[in-house]
Amino acid sequence: MKKNNFIKNILLTAMFSTALAGCDFASAPKDEIHADGKTMGTFFSITVVGDYPGGQKGLDKDADEVLRKINKEISTFDKDSLLSKFNNSKSTAQFRITQDMADILIESLRVGNDLDGATDITVGPLVNLWGFGPKKVEQQDRIPTDEEISAARANIGLDKLHVEISKNAAYVRKDNPDIYVDLSTVGEGYGADKLAELLDRKGVQNYMVSVAGAIRTKGVNNRGKDWVIAIEDPSNEHAVGRNVIVPVCTKGQAISTAGSYRNYISSKDGKTFSHIIDPATGKPVDHKTVSVTVVGPTALWTDAVDTGLMVKGGEEALRYANERNIAIYVVTRNAKDDGFETHYSRAMHRYLECE
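Here the structure is a predicted model, which is why all the values come from computation and not from measurement.

**Student:** Would you take a moment to explain the overall build of the protein chain for this structure?
**Tutor:** Regarding its fold elements, the protein chain presents nine helices and 17 strands. Residues classed as buried in the protein chain amount to 55% of the 355 residues present. At a minimum sequence separation of 6, the contacts of the protein chain that also span at least 24 residues come to 65%. Surface exposure of the protein chain reaches about 15,500 Å², of which carbon and sulfur atoms provide 47%.

Written out as structure tokens, the structure is:
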């Protein structure tokens, strides 16, 4: 269920945020320090308003250390990562993990169960079967058969994975030796959270960090205004960041988006299949919802929730969000399939009121 993200690379700069907020451009902006690069098969970006201990070099070094540690724990693309070793093991005995990895698993399982399995970190066998995992396959010549999908579904399920915490250690255990955990659904959010923790430890009061479309903010931008993130118009998949549907004022919260239209495979007859897999069917989602944006306390949580709501589809996502007072923004294709409609939950309203 690895996500594409509509807010990835869409003018995530303090100037853009300021312009949307309608601030006074006569005021002199404060200095910024930036860091950016590649991680988890995607991109990260950090904007610090003011100083950082050690300056630019210090920020680059510290961010790199944080992200390298995460990759060595949860990447499925690194065969030597802790998660890869667990996935490749056929043992059903306890497998020792770090407390950080345990935290990711516990939160993912909690959110997944609350979403009735729509977010499922054990969906890896299906992700790999459809060609979206670390072992890429040529899908234009062949779409998985129903028999293959059924066989893969036998090896998924949140109830088949168990995290066990003792006084001095953390462990994960699988009931089925073929369980394959894929944390790409939540890894970007977790990375954004860990970068935010780094900045907090260093005493930074104003920042924005993003790992792909998972974003954390604190304080204000370089003109003293709230950070503003744009939800993108998906009408042109090649014009990243050029068309904005709505600005979102983060108010110090995390924000992330799950979307379905940029990462897909095509069959010979031209039919496209989204990379977002519905664990209940074993197949890519097939509805008119193209993105779900979630605002909440941590990027790990929003990252887990937005994928599950994307699987459920817009109408069910809005019902779920309104029942639980969750802030979400949904973009769907209209009935004629020639444009888009937008809807948002009651809790989202306050984040759309930018000063």
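**Student:** Hey, could you run me through the pattern of salt bridges in this one?
**Tutor:** Any two side chains of opposite charge can pair, so long as their charged atoms come close to each other. Following the criterion strictly, the structure yields 21 salt bridges and no others. A salt bridge links Lys 61 to Glu 65; its shortest N-O distance comes to 2.8 Å. With Lys 61 and Glu 65 both in helix 2 (residues 55-74), this residue pair falls four residues apart, about one helical turn. In this structure Glu 65 comes out as partly exposed when scored by relative accessible area, which is 43%. By sharing partners, the salt bridges in this structure join Lys 69, Glu 73, Asp 100, Lys 194 and Glu 197 into a single network.

**Student:** Looking at this structure, how should I read the packing of helix 2 against helix 4 (residues 99-114)?
**Tutor:** The geometry of a pair of packed helices is captured by two quantities: the angle between their axes and the separation between those axes. It is at 10 Å that the axes of helix 2 and helix 4 come closest, and there the two elements cross at 65°. As the angle between them shows, helix 2 and helix 4 are arranged roughly perpendicular. Where helix 2 crosses over helix 4, the two elements pack in a sense that is right-handed. Residue-level contacts link Lys 69, Glu 73 and Ile 74 of helix 2 to Asp 100, Met 101 and Ile 104 of helix 4. In terms of residue class, the contact of helix 2 with helix 4 is made up of three nonpolar, no polar and three charged.

**Student:** Explain the packing of helix 4 against helix 7 (residues 184-201) here, please?
**Tutor:** Where helix 4 contacts helix 7, the two axes come as close as 11 Å, and the packing angle between them is 125°. The pairing of helix 4 with helix 7 is recorded here as oblique in orientation. Regarding helix 4 and helix 7, the two cross each other, and that crossing is right-handed. Side by side, helix 4 and helix 7 meet where Asp 100, Ile 104 and Ser 108 of the first sit next to Val 186, Tyr 190 and Lys 194 of the second. Counted by class, the contact of helix 4 with helix 7 contains three nonpolar, one polar and two charged residues.

**Student:** Please explain unusual backbone geometry as it appears in this structure.
**Tutor:** Both trends apply: most residues other than glycine have a negative phi, and most peptide bonds are in trans. Even without glycine at this site, Asp 116 takes up a positive phi of about 55°. Turning to its location among the elements, Asp 116 is positioned in the loop between helix 4 and helix 5 (124-129). Under the relative-accessibility criterion, Asp 116 is labelled exposed at 67%.

**Student:** Just to check I follow, could you spell out helix 8 (residues 299-312) for this structure?
**Tutor:** For an α-helix the count is 3.6 residues per turn, leaving residues at separations of three or four pointing the same way. The terminal C-alpha atoms of helix 8, which comprises 14 residues, lie 20 Å apart, in line with the 20 Å expected from a rise of 1.5 Å per residue. Counting buried positions along helix 8 gives 13 out of 14 residues, so the element sits mostly inside the fold. Just beyond helix 8, the residue with positive phi is Gly 313, at close to 95°.

**Student:** It is not clear to me how the state of the cysteines should be interpreted in this structure. Could you clarify?
**Tutor:** Simply put, the disulfide is a covalent bond whose two ends are the sulfur atoms of two cysteines. All chains considered together, the criterion is met by one disulfide. Between the sulfur atoms of Cys 249 and its disulfide partner Cys 354 the distance amounts to 1.7 Å. Highlighted residues: Cys 249 in strand 9 (residues 244-249) and Cys 354 in the segment after strand 17 (340-344), separated in sequence by 105 residues. By relative accessible area, which is 3% here, Cys 249 ends up buried. The partly exposed category is assigned to Cys 354, whose relative accessible area is 27%.

**Student:** How should I be thinking about the side chain of Ser 81 in this particular structure?
**Tutor:** Relative to the helices and strands, Ser 81 resides in the loop between helix 2 and helix 3 (82-88). Here Ser 75 takes part through its backbone oxygen, which lies 2.5 Å from a polar atom of the side chain of Ser 81. Contacts of Ser 81, omitting those with residues within four sequence positions, involve Asn 71, Lys 72, Glu 73 and Ser 75.

**Student:** Whenever I open this one, the environment of Leu 352 confuses me. Can you help?
**Tutor:** Along the chain, Leu 352 turns up in the segment after strand 17. Note: C-alpha distance between Leu 352 and Thr 250 (102 residues apart in sequence) is 8.9 Å. Setting aside residues up to four positions removed in sequence, Leu 352 forms contacts with Val 246, Pro 247, Val 248, Tyr 329 and Tyr 344.

**Student:** Even after reading the chapter, I still don't get the nonpolar core, so can you show me in this structure?
**Tutor:** Nonpolar side chains in soluble globular proteins tend to end up buried together. The biggest cluster of nonpolar side chains holds 67 residues, and the ones touching the most others in it are Ile 46 and Ile 328. Top contributing element to this core by residue count: helix 8, with eight residues. In this view, Ile 46 contacts Ile 33, His 34, Ala 35, Leu 59, Ala 63, Leu 195, Leu 199, Met 208 and Val 209; residues no more than four positions away in its chain are not counted. Of all hydrophobic cores here, the second largest spans 17 residues; its members include Trp 227, Tyr 329, Val 331 and Met 348.

**Student:** What's the story with the packing of aromatic side chains in this structure? I'm lost.
**Tutor:** Centre-to-centre distance and the angle between the planes together describe a pair of aromatic rings. Counting across every chain of the model gives two aromatic pairs. Ring centres 5.9 Å apart and planes at 5° place the aromatic pair Tyr 329 and Tyr 344 in the stacked group. You can see Tyr 329 sitting in strand 16 (residues 327-333) and its partner Tyr 344 sitting in strand 17, a full 15 residues away along the chain. The residue whose ring lies beneath Lys 174 is Phe 86, and the NZ or CZ to ring-centre distance is 4.6 Å. Residue placement shows Arg 350 over the ring face of Tyr 351; its charged tip is 4.8 Å from the ring centre.

Rules and cut-offs
Here the residue index of a chain counts from 1 through its sequence in written order. Totals for whole chains, interfaces and linings use all residues, but because this is a predicted model, local features are given only for residues with pLDDT of at least 70 and pairs of side-chain atoms are given and counted only at 80 or more. Hydrogens and water are ignored here; the side-chain numbers use all heavy atoms of the structure. Under the scheme used here, helices are H or I runs from DSSP no shorter than 4 residues and strands are E runs no shorter than 2 residues, and both carry numbers assigned from the N terminus. Residue exposure (1.4 Å probe, protein chains only): buried if accessible area is under 20% of the type maximum, exposed if over 50%, otherwise partly exposed. The contact definition used throughout considers only heavy atoms, calling two residues in contact when any of these lie within 4.5 Å. Per-residue accessibility takes into account occlusion by the displayed protein chains alone, with areas from the Shrake-Rupley method and a 1.4 Å probe. Each reported salt bridge corresponds to a side-chain nitrogen of Lys or Arg within 4 Å of a carboxyl oxygen of Asp or Glu. For helices, the axis comes from a line fit to the C-alpha atoms of the stretch in contact; other axes are also lines fit to C-alpha atoms, and the angle between any two N-to-C directions lies between 0 and 180 degrees. Throughout, the term roughly parallel applies to angles under 35 degrees, roughly antiparallel to angles over 145, roughly perpendicular to angles from 65 to 115, and oblique to all others. Put simply, a crossing is left-handed when the front helix is turned counterclockwise from the back one by less than a right angle, and right-handed when it is turned clockwise. Throughout, the ten residues Ala, Val, Leu, Ile, Met, Phe, Trp, Tyr, Cys and Pro are labelled nonpolar, Asp, Glu, Lys and Arg are labelled charged, and all others, Gly among them, are labelled polar. To estimate the expected span of a helix, subtract one from its residue number and multiply by 1.5 Å. The rule for a disulfide is simple: a pair of cysteine sulfur atoms within 2.5 Å. In protein, a polar contact requires one atom able to donate a hydrogen and another able to accept it; more generally it is a pair of N or O atoms within 3.5 Å, and residues adjacent in sequence count only if both atoms are side-chain atoms. What is meant by a nonpolar core is a set of buried Ala, Val, Leu, Ile, Met, Phe, Trp, Tyr and Cys residues, joined one to another through side-chain atoms within 4.5 Å. Classification of ring pairs rests on two measures: the distance between centres of Phe, Tyr or Trp rings, Trp counted by its six-membered ring, which must be within 6.5 Å, and the angle between planes, read as stacked under 30 degrees, edge-to-face over 60 and tilted in between. Ring-over charges, as used throughout, are those where CZ of Arg or NZ of Lys falls within 6 Å of the ring centre and within 35 degrees of the ring normal.

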